[in-house]
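Topology and contacts: notes
Below, each chain spelled out in residue letters.
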Amino acid sequence: MEYRVVHLPISKIFADPSFNCRGHIQAIDVLDLAKDIEARGLDQPITVQPYTGKPGYEFRVVAGHRRHMAFLINKAETIPCYIRDDLDELKARTYNLRENLHRKDLNIVQEANALKYFLDYKRHEGSEHSLFTLKELADLFGQSVGWVQARKDLLKLPKEIQHEAAAGMLTQDQVKHIAKLKDPKDQFE
């Protein structure tokens, strides 16, 4: 695939927080990045895809939500982009999650919430729908089956426990152990 950088009007690009595995990007969280881009320029263009799901926009950010927000902070009129018109929803979400996993700064709840799309995704196989297996997801994202299972388990736990996991107070193994407990009282203990 050949990549070409295009400078697109930032006003035509939608950064969908429900699509981004990081969720909503707060401006305060990217102030340092905005200052760095203003001083040195952008190291890597963002990746967008054509998008008609929101009136007034022509593209949606697939990868580079933080960089996009930094350009908004800097009041830039355009932003360097790779346009990917070959991505369906599944491929676009896969691209978004894979890029962020390689950055190593997602917390376990962000990973779990992003993985939920794939855990719920129904593929057509013959006349039946099938879900991804844990092994297929592990292979897709270059992780272990245990990594996928822990995030799947985390999604079933109460929000208060998920917040503790996001803060780094629980290990992956502790999440798996807590998920095996059926009584919420036991889970909180």
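Up top you'll find the structure we're talking about.
Residues numbered from 1 in each chain as written. Predicted model: local features only at pLDDT ≥ 70, side-chain atom pairs only at ≥ 80, totals over all residues. Heavy atoms only, no water.

Every regular strand shows the same layout, with side chains that alternate between the two sheet faces. For strand 1 (residues 5–9) and strand 5 (residues 78–83), the ladder comprises five bridges, and the chain directions are antiparallel. In the sheet register, histidine 7 faces strand 5, and the bridge partner there is proline 80. Where strand 3 (residues 46–50) meets strand 5, three bridges bridge the pair, whose relative direction is parallel. Considered in strand 5, the bridge of isoleucine 46 is made with cysteine 81. (Pairing = 2+ DSSP bridges. Helix = DSSP H or I, 4+ residues; strand = E, 2+ residues; numbered from the N terminus.)

Attention now goes to the side chain of arginine 93. Here arginine 93 is to be found in helix 3 (residues 89–103). For arginine 93, a relative accessible area of 18% corresponds to the buried category. With residues up to four places along the chain from it excluded, the contact list for arginine 93 reads Ser18, Phe19, Tyr117 and Phe118. (Buried < 20%, exposed > 50% of the residue type's maximum accessible area, 1.4 Å probe, protein only. Contact = heavy atoms within 4.5 Å.)

This brings us to the sheet that holds strand 5. Here five strands make up an open sheet; going across it, the order is 1-5-3-4-2 and the pairing mixed. Strands at the two margins of the open sheet, each flanked by one partner only, are strand 1 and strand 2 (13–14). By the bridge criterion, four bridges tie strand 3 to strand 4 (residues 59–63) in an arrangement that is antiparallel. By the bridge assignment, glutamine 49 is partnered in strand 4 with arginine 60.

This paragraph deals with the pattern of salt bridges. The tally for this structure, following the rule as stated, stands at nine salt bridges. The salt bridge involving arginine 40 is made with aspartate 43; its shortest N-O contact spans 2.9 Å. In this pair, the class of arginine 40 matches that of aspartate 43, namely exposed. A salt bridge links arginine 60 to glutamate 89, with the shortest nitrogen-to-oxygen separation between them at 2.8 Å. In this pair, arginine 60 is assigned in strand 4 and glutamate 89 in helix 3, connecting sequence segments 29 residues apart. A residue is classified by how much of its surface remains accessible, and arginine 60, at 4% relative accessible area, is buried. (Salt bridge = Lys/Arg side-chain N within 4 Å of Asp/Glu carboxyl O.)

Among the nonpolar cores identified, the biggest contains 16 residues, and Leu97, Leu101, Leu115, Phe118, Leu137, Phe141 and Val148 are the most heavily contacted of them. Listing elements by their share of this core, those giving two or more residues are helix 3, helix 4 (108–120), helix 5 (134–141) and helix 6 (145–155). For leucine 101, the contacting residues outside a window of four places in its chain are Leu106, Glu111, Phe141, Gln143 and Trp147. Of all hydrophobic cores here, the second largest spans 13 residues; its members include Leu8, Ile13, Ile46 and Ala70. (Core = buried A, V, L, I, M, F, W, Y, C linked by side-chain atoms within 4.5 Å.)

Moving on, we get to the pairing of strand 4. Among the five residues of strand 4, five are classified as buried, and the element is accordingly described as predominantly covered. Pairing of strand 2 with strand 4 involves two bridges; the strand directions are parallel. The residue of strand 4 that forms the bridge with isoleucine 13 is phenylalanine 59.

Of note, aspartate 88 is situated in the loop between strand 5 and helix 3. Of note is the side chain of aspartate 88, whose polar atom sits 2.8 Å from the backbone nitrogen of lysine 91. (Polar contact = N/O pair within 3.5 Å; in protein donor to acceptor, adjacent residues only side chain to side chain.)

As a further point, take the packing of helix 5 against helix 6. Between helix 5 and helix 6, the shortest axis-to-axis distance is 8 Å and the interhelical angle comes to 110°. As far as their axial angle goes, helix 6 and helix 5 are roughly perpendicular. By crossing handedness, the relation of helix 5 to helix 6 is classed as right-handed. Here helix 5 contributes Leu134, Lys135, Leu137 and Ala138 to the contact with helix 6, which in turn contributes Val145, Val148, Gln149 and Lys152. (Axes fitted to C-alpha atoms, helices over the stretch in contact; angles between N-to-C directions. Parallel < 35°, antiparallel > 145°, perpendicular 65-115°, else oblique. Left-handed = near helix turned anticlockwise from the far one by under 90°.)

Let us look at helix 4. Helix length check: helix 4, at 13 residues, gives a terminal C-alpha distance of 18 Å against a target of 18 Å (1.5 Å per residue), a fit within 8%. Remark: the principal bend of helix 4, roughly 25°, maps to alanine 114. Burial in helix 4 covers these residues: Ile108, Val109, Gln110, Glu111, Ala112, Ala114, Leu115, Phe118 and Leu119. (Expected span 1.5 Å × (residues − 1). Bend = angle between axes of the 7 residues up to and from the residue.)

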